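These are the residues of each chain, in order.
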Amino acid sequence: MKITSPRGLADALQQARKQQNQTQQAIGELAGTKQSTVSAFETSPEHARVETLFKLLSALNLELVLEPRRQAPASSSANGQASDQAWDQEW
């Protein structure tokens, strides 16, 4: 699954939790945190700590895998030069 934003990450974890028929309370207990922390991650992931992410991943039996982005073919601008494609998302 490709995730490119905090919201996408929270949605993926919530979906995994629901597929496992787990409550926020149960995942919180497995993660060693409170139900309110699980809820906060699912609703406002941009404010979460990295430590919380890894606790939730562990409780859900998930892992984080990083891989290089695939390079899109360079497009040509009007003058025939390849244009730079920069990340335009702000987190």
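Treat the numbers as computed from the prediction; the structure is a model and nothing was measured.

Draft legend 1. Focus on the overall build of the protein chain. The number of helices and strands found in the protein chain is four helices and zero strands. Listing the helices and strands of the protein chain from first to last along the sequence gives α-α-α-α. Here the contacts in the protein chain between residues at least 6 apart in sequence split such that 49% fall between residues at least 24 apart. Approximately 7200 Å² of the protein chain is accessible, and the part contributed by carbon and sulfur atoms is 48%.

Draft legend 2. Structural context of the packing of helix α1 (residues 6-19) against helix α3 (residues 35-43). Where α1 contacts α3, the two axes come as close as 7 Å, and the packing angle between them is 130°. Judged by the angle between their axes, α1 and α3 are oblique. Residues R7, L9, A10, L13, Q14 and R17 of α1 touch α3, and the partners they reach there are F41, E42 and T43. In the contact of α1 with α3, the residues fall into four nonpolar, two polar and three charged.

Parameters at a glance
- Every chain begins its residue count from 1, and numbering advances along the sequence as written.
- A pLDDT threshold of at least 70 governs which residues receive local features in this predicted model, and a stricter bar of 80 or more applies before side-chain atom pairs are shown or counted, although totals over entire chains, interfaces and linings include all residues.
- The basis for every side-chain value is the complete set of non-hydrogen atoms in the structure, without hydrogens or water.
- Strands are runs of DSSP state E lasting at least 2 residues, helices are runs of H or I lasting at least 4, and numbering of each runs from the N terminus.
- Whether two residues touch is decided by their heavy atoms; if any such pair falls within 4.5 Å, the residues are in contact.
- All accessibility values rest on the Shrake-Rupley procedure with a 1.4 Å probe; residue burial counts only the protein chains present in the view.
- Axis definition: a line fitted to C-alpha atoms, over the contacting stretch in the case of helices. Angles run 0 to 180 degrees between N-to-C directions.
- Under this scheme an angle from 65 to 115 degrees is roughly perpendicular, one under 35 degrees roughly parallel, and one over 145 degrees roughly antiparallel; angles in between are oblique.
- Any residue that is not Ala, Val, Leu, Ile, Met, Phe, Trp, Tyr, Cys, Pro, Asp, Glu, Lys or Arg is counted as polar, Gly included; the first ten are nonpolar and the last four charged.

Shape is all these values report; function is a separate question.
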